[in-house]
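Listed below, chain by chain, are the residues.
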Amino acid sequence: MMMVMVRFRFIIFFIFTINISAQENKENNSIGSQEVLVVKSYTPNLSDSFKIKNAAKFHDSLVNAKKKLEYKFKAVPVVSTFQPNKATPLKLQQRSSSTPYNTFFSGAFGNKSQLYLNISSLIEIDRGQRFGIRFYRDGFGANLDNTLLKSNQSHSQFGLHHNLRSNEYNANTQIQFTSNHNNYFGLYDTSWNNFLINNLNPEINRNFFKLRTNWNWYNSLLNNITFQANISSDNYNSIEQQVAIGAGLENDLGKGKIKAEVKIQGFKTNFDQSFFELSNEQYSQAQGTVDVFWKGNFSDLKMIIGAGVTYLLGVDDFSSSLLYYPKIEIFYNKSGSTISPYLMSNGGVNQNTYKTLSESNPFLAPTTSLAPTFNQYNAKVGIRSSLASVLNFDFGFIFDQIENFTYFVRLPYDNRNEEFSYRLSNSFQSQYINTDVYGFNTAIQIDLTKNNFVRFETVYRIFDTDKEQYLWNVPALEMNWESQFKFKDRFLFSINGSFWGDRKSAFRPIFLQQDLNDVQIIPEDLPFFIRSTAHITYKISDQFDVFIKGRLSSKGANGRWAYYPVPPILLLGGVTYKFDFQY
């Protein structure tokens, strides 16, 4: 009975507790309202494809808000003179155009009535064509001191140029007119007939016309074709026509390329009057040349191995009409080494024309003998050295066997002459001799910063002729030098020059009633001769330059040629102006 009462009381207490808990939840929890978003199904259309897509954003209550960090700087006393600049916006600066101006004008005046002009213009016709024009004039109009005949000199040239290019070929065509004015003023220091001297015209005017076109193909077996035609004439009725055509072929062979060069050239020259026979003199010569060689580049070795052959037409008194010669160049440059040995041998046959000989000696008579020169070996073996890419040194021994080596001899006085100035023993004629040549060649070049450099070259030759004969006017020692210094892109100084060592000249005594074909030749020593030219330019602006040009030469009765002095000093000053000329 007792147990029943206890169970009854426990059940009453449990029900009472549950009831109180239910009442508390009813007061604290009430049913709130909720929002339901009904979205209809999406039907895309074409215009939606051009809308700018926005990134979807979702609210996340679990993400904590970013806290703002604050830093406090503590001043530390230091010793300093630094004062920071206030930030200022950069100013826009106009960049200068990298395209050069299409027109160039340079003019100057100097002592001895010098006049210098250099005018050129290059026009871009379209992306594949350019057209250029150029006029050049230099010389002095005043006579030299202590000369009985006129001694002024001038050189002028007018040329046209056309360039045609594409990604497959490049073609250049030139037309050029050249005029050289000089005088036969190199008379002996002796008594002359005043009437003869005062009535002679010593001028020698030579005119040259050149037409040349050169075509190059980049990816073709036929690499290039060249055509050139020359016409030369003078005021003594001499005339010369010359034509040359050449082609180059190139193709891969092994680890290198094989190349062939073919050239056919010829000329016809007519001299109105030979010097000794006083008769018309004509020359017609031609030659065909084929050079074949293989070029290869390896890690330490570069080489050209080949040979050439030339066939002559219209040439008398030559060893053979068919001539052979080597075409070899071998350079060995081991990685890390400063010394590179080399061997070169490039023989060949060169035509001697009235044009080429008169360019070597402007006082050549308007009648001379013409014959080709054959360099059988033209060999050089030596070493090249480079120290820190600044000091470059080249030394080599030279050897050659030359058939018809060309030199110039002074012609005798002609007693029969009363009208031609070149017959007063004051002109030269070419002569030829066979000789072996030994010697050495040295060149030193110092490369400085920004295209500044100094270069010096020396050649010394020993001639072993096949007969006893002086090589008139040929020095054993020759030197050349050139240098350039540029400062701050405004000041430019350049210098170049040449040195001719001691040499023998043929002196022709003058006697009355002497036989023209049997005039005695007396060797005469000529001292060394130096000629150097310096050029100073100051850039005022991108378009204006001012310059001074001077030429210094050895003073005396002889220049490069005996009894032909040159002005000891020539100075001129002028301006250069560059601009864009609109056509």
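Residues numbered from 1 in each chain as written. Predicted model: local features only at pLDDT ≥ 70, side-chain atom pairs only at ≥ 80, totals over all residues. Heavy atoms only, no water.

### Quick notes on the overall build of the protein chain
- On a plain count of helices and strands, the protein chain comes out with three helices and 26 strands.
- Classification of the 583 residues of the protein chain by burial places 36% in the buried group.
- Across the protein chain, contacts joining residues at least 24 apart in sequence account for 59% of those joining residues at least 6 apart.
- With an accessible surface of roughly 37900 Å², the protein chain has 58% of that area assigned to carbon and sulfur atoms. (Helix = DSSP H or I, 4+ residues; strand = E, 2+ residues; numbered from the N terminus. Buried < 20%, exposed > 50% of the residue type's maximum accessible area, 1.4 Å probe, protein only. Contact = heavy atoms within 4.5 Å. Areas by Shrake-Rupley, 256 points an atom, 1.4 Å probe, with all protein chains shown as cover.)

### Overview of the confidence of the model for the protein chain
- Summing up the model confidence of the protein chain, the mean pLDDT is 86 and the portion of residues at 70 or higher is 83%.
- Per-residue pLDDT stays below 50 along residues 24-31; that stretch engages in zero contacts with residues further than four places along the chain or on separate chains.
- Counting interchain partners and residues more than four positions distant, the pLDDT-below-50 stretch residues 58-63 has zero contacts. (pLDDT = per-residue confidence, 0-100.)

### Some points on the environment of His535
- The topology assignment puts His535 in strand E24 (residues 529-539).
- Residues His535 and Gln484, 51 residues apart in the sequence, show an inter-C-alpha distance of 9.4 Å.
- Setting aside residues no more than four positions away along its own chain, His535 makes contact with Leu492, Phe493, Ser494, Phe547, Ile548 and Lys549.
- For His535, the side chain forms a polar contact with the side chain of Thr537, separated by 3.4 Å. (Polar contact = N/O pair within 3.5 Å; in protein donor to acceptor, adjacent residues only side chain to side chain.)

### Focus on unusual backbone geometry
- A positive phi angle, near 55 degrees, is found at Asp317, a position not held by glycine.
- Relative to the helices and strands, Asp317 resides in the loop between strand E11 (301-313) and strand E12 (322-332).
- Despite not being glycine, Lys488 shows a phi value in the positive range, around 55 degrees.
- By the element assignment, Lys488 lies in the loop between strand E20 (477-487) and strand E21 (491-500).
- For Lys488, a relative accessible area of 80% gives the class exposed.

### Brief notes about the pairing of strand E10 (residues 281-297)
- In this structure, strand E9 (residues 256-271) lies alongside E10, joined through 16 bridges in antiparallel fashion. Counterpart to Lys259 in the pairing with E10 is Phe293.
- Where E10 lies against E11, twelve bridges are found, and the strand directions are antiparallel. Residue Ala286 lies in a different strand from E11, and its bridge partner there is Leu313.
- Counting the residues that bridge the hairpin from E10 to E11 gives three residues. (Pairing = 2+ DSSP bridges.)

### Considerations on the packing of aromatic side chains
- One pass over the structure, following the stated rule, counts 37 aromatic pairs.
- Ring pairing ties together the aromatic residues Tyr184, Tyr236, Phe275, Phe276, Phe420 and Tyr422, which thus form one cluster.
- Over the ring of Phe208 we find Lys355, and its NZ or CZ is 5.6 Å from the ring centre.
- Residue placement shows Arg560 over the ring face of Trp561; its charged tip is 4.4 Å from the ring centre. (Phe/Tyr/Trp six-rings, centres within 6.5 Å; stacked < 30°, edge-to-face > 60°. Lys NZ or Arg CZ within 6 Å of the ring centre and 35° of its normal.)

### Topic: the pattern of salt bridges
- In this structure the tally under the stated criterion is 16 salt bridges.
- Residue Arg461 pairs with Glu478 through a salt bridge whose shortest N-O separation is 3.0 Å. Taken as a pair, Arg461 in strand E19 (residues 453-465) and Glu478 in strand E20 lie far apart in primary sequence, 17 residues in all.
- Exposure remark for Glu478: the relative accessible area of 25% places this residue in the partly exposed category.
- When salt bridges with common partners are traced through the structure, they connect Asp414, Arg416 and Arg423 into a single cluster. (Salt bridge = Lys/Arg side-chain N within 4 Å of Asp/Glu carboxyl O.)

### Quick word on the pairing of E20
- Where E19 lies against E20, eight bridges are found, and the strand directions are antiparallel. Opposite Val454, over in E20, you have Ser483 as the bridge partner.
- Where E20 and E21 come together, ten bridges link them in antiparallel fashion. Paired with Met479 across the bridge in E21 is Phe499.
- Between E20 and the antiparallel strand that follows it, E21, lie three residues; Lys488 among them carries a positive phi value of about 55 degrees.

### A word on a nonpolar patch on the surface
- Where nonpolar side chains cluster on the molecular surface, the patch consists of Phe487, Phe491, Ile536, Tyr538, Ile540, Phe544, Val546, Ile548, Leu552, Ile569, Leu571 and Val575 and spans about 1000 Å² of accessible area.
- Among the elements of the structure, E24, strand E25 (544-553) and strand E26 (569-579) are those that each provide at least two residues to the nonpolar patch.
- The element contributing the most residues to the nonpolar patch is E25, with four residues.
- Mapped onto the elements, Tyr538 comes out in strand E24.
- Residue Tyr538 is classed as partly exposed on the basis of its relative accessible area of 40%. (Patch = residues over 30% accessible without salt bridge, like charges linked within 9 Å, V, L, I, M, F, W, Y side chains within 5 Å.)

### Some points on the side chain of Asn270
- Topologically, Asn270 is positioned in strand E9.
- Not counting residues within four places of it along the chain, the set of residues in contact with Asn270 comprises Asn237, Ser238, Ile239, Asn280, Glu281 and Gln282.

### Quick word on the nonpolar core
- Within the largest apolar cluster, 38 residues are counted, with the highest numbers of intra-cluster contacts made by Trp192, Leu424 and Tyr564.
- Going through the elements one at a time, helix H2 (194-198), E9, helix H3 (354-360) and strand E18 (428-447) are the ones with two or more residues in this core.
- Beyond its immediate stretch of four places on either side in the chain, Leu424 contacts Leu187, Trp192, Leu196, Ile197, Leu200, Tyr413 and Asn417.
- Residues Tyr407, Val409, Val437 and Ala506 belong to the second largest nonpolar core, which totals ten residues. (Core = buried A, V, L, I, M, F, W, Y, C linked by side-chain atoms within 4.5 Å.)

### Examining the environment of Met303
- The topology assignment puts Met303 in strand E11.
- Considered as a pair, Met303 and Phe331 are 28 residues apart in the sequence and their alpha carbons are 6.2 Å apart.
- Setting aside residues up to four positions removed in sequence, Met303 forms contacts with Trp294, Lys295, Gly296, Glu329 and Ile330.

### Things to note about the side chain of Asn473
- Looking at where Asn473 falls in the secondary structure, it is placed in the loop between E19 and E20.
- Under the relative-accessibility criterion, Asn473 is labelled buried at 2%.
- In contact with Asn473, not counting residues within four places along its chain, are Phe408, Phe428, Arg503, Lys504, Ser505, Leu526, Arg560 and Trp561.

### Examining the environment of Ser156
- You can see Ser156 is positioned in strand E4 (residues 153-165).
- Along the primary structure Ser156 and Asn180 are separated by 24 residues, whereas in three dimensions their C-alpha atoms are 6.6 Å apart.

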